[in-house]
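Residue-level structure breakdown
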Amino acid sequence: MICLDPQSKEIQVLCKTDLRLAKVVQEVGPISYSVYSDPFTFLVNTIIGIGQMLSNKVADILTDRFWNLCSKTPQDVSKLSLDKIKSIGISYSKARYINILANEYIKNPYLSDKLQEMSDDNVIDLLTKIPGIGSWTAKMYLIFVLDRKDVLPYEDGAFNQAFEAVYGISDNSKGKRLVRDFCKIWHPYSSIAARYLYKYLDMGFVDKNKKILM
């Protein structure tokens, strides 16, 4: 379990350089988190949940259905037919991506260890070569599996919702550039700043219209 509070070095650096984030930290208080222990299932879960306007609740239901079909190993996942995966409500394209991912892990059983040793950019480059995995998924992997400290998830809807509420910068194409430029002040702790914005959103400080509820 990793714990962050106002006495943590990373938080002190962020609050000194960003007064608005300092207010978010004050509102949220200490946070604790642990990294995702199974990289393969993390990627499968992400493939299932991403896109198609799925709510978290629906994504969780589909994920539970999927893991009821097999054990959480690439070998068992690879044995599932695409039709079997489709039968529980997962699209054909996602079923195909899951199968490809499972076979990638079978061919490269030390893939997770290899990713652990790579730089952030190389992790993104390697993962996005696997069909069904894009930049967003690769960044989520960096943050929530590898616990990399300086990843900016500007492609993520929840991050942008909280960021716009706090900083007034929208997530349109121009806004993404402004977000990237502004968030340079978070270096080398962009992921930690993002974790606080996620928590800020989860705690109900921001409504669906990206307004702060205080």
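You'll find the structure just up there.
The present account deals with the structure reproduced in this document. Being a predicted model, the structure only gives us computed values, none of them experimental.

The rules behind each value
Residues numbered from 1 in each chain as written. Predicted model: local features only at pLDDT ≥ 70, side-chain atom pairs only at ≥ 80, totals over all residues. Heavy atoms only, no water. Helix = DSSP H or I, 4+ residues; strand = E, 2+ residues; numbered from the N terminus. Rg over C-alpha atoms; globule rule 2.2 N^0.38 Å. Buried < 20%, exposed > 50% of the residue type's maximum accessible area, 1.4 Å probe, protein only. Contact = heavy atoms within 4.5 Å. Phe/Tyr/Trp six-rings, centres within 6.5 Å; stacked < 30°, edge-to-face > 60°. Axes fitted to C-alpha atoms, helices over the stretch in contact; angles between N-to-C directions. Left-handed = near helix turned anticlockwise from the far one by under 90°. Nonpolar A, V, L, I, M, F, W, Y, C, P; charged D, E, K, R; others polar. Core = buried A, V, L, I, M, F, W, Y, C linked by side-chain atoms within 4.5 Å. Salt bridge = Lys/Arg side-chain N within 4 Å of Asp/Glu carboxyl O.

Thoughts on the overall build of the protein
For the protein, the helix and strand inventory stands at 13 helices and two strands. Taken over C-alpha atoms, the radius of gyration comes to 18 Å for the protein, in line with the 17 Å a tight globule of 214 residues would show. Viewed in the frame of its principal axes, the protein has a C-alpha envelope of about 50 × 35 × 35 Å. By residue count, 44% of the 214 residues in the protein fall in the buried class.

Notes on the side chain of Arg195
Structurally, Arg195 is set in helix H13 (residues 190–202). The exposure class assigned to Arg195 is buried, which follows from its relative accessible area of 10%. Those residues within four positions of Arg195 in sequence are excluded, and the remaining contacts are Ile31, Tyr33, Ile143, Phe144 and Asp147.

Quick look at the packing of aromatic side chains
One pass over the full model with this rule turns up 14 aromatic pairs. Seen from their ring centres, Phe40 and Tyr105 are 5.1 Å apart, and the 65 degrees between their planes marks the pair as edge-to-face. Residue Phe40 is located in helix H3 (residues 39–49), and its partner Tyr105 is located in helix H7 (residues 92–107); the two are separated by 65 residues in the primary sequence. Taken as a pair, Phe40 and Tyr105 share a single burial class, namely buried.

Some details on the packing of H3 against helix H10 (residues 135–144)
At a minimum axis distance of 11 Å, the contact between H3 and H10 shows a crossing angle of 140 degrees. The handedness of the crossing between H3 and H10 comes out as right-handed. Contacts between H3 and H10 pair Pro39, Phe42, Leu43 and Thr46 from the former with Trp136, Thr137, Met140, Tyr141 and Phe144 from the latter. In terms of residue class, the contact of H3 with H10 is made up of seven nonpolar, two polar and no charged.

Focus on the nonpolar core
Core analysis: the biggest nonpolar cluster contains 69 residues, and Phe66, Tyr141 and Trp186 have the highest contact counts within it. When sequence neighbours within four positions are dropped, the list of residues in contact with Phe66 reads Val44, Ile48, Val77, Leu80, Ile85, Ile88, Ile90 and Ile98.

Comments concerning the side chain of Thr46
Position of Thr46 relative to the elements: it lies in helix H3. Its relative accessible area of 9% is what places Thr46 among the buried residues. With residues up to four places along the chain from it excluded, the contact list for Thr46 reads Trp136 and Thr137.

Digging into the pattern of salt bridges
Inspection of every chain in the model, using the stated rule, returns nine salt bridges. Note that Lys149 is salt-bridged to Asp147, the shortest N-O span being 3.0 Å. Residue classification places Lys149 among the partly exposed positions, given a relative accessible area of 30%. When the shortest N-O distance is used, the salt bridge between Arg195 and Asp147 registers 3.9 Å. With Arg195 in helix H13 and Asp147 in the loop between H10 and helix H11 (157–167), this pair connects stretches of sequence that are 48 residues apart. A relative accessible area of 13% places Asp147 in the buried class. Where salt bridges share partners, they join Asp147, Lys149 and Arg195 into one cluster.

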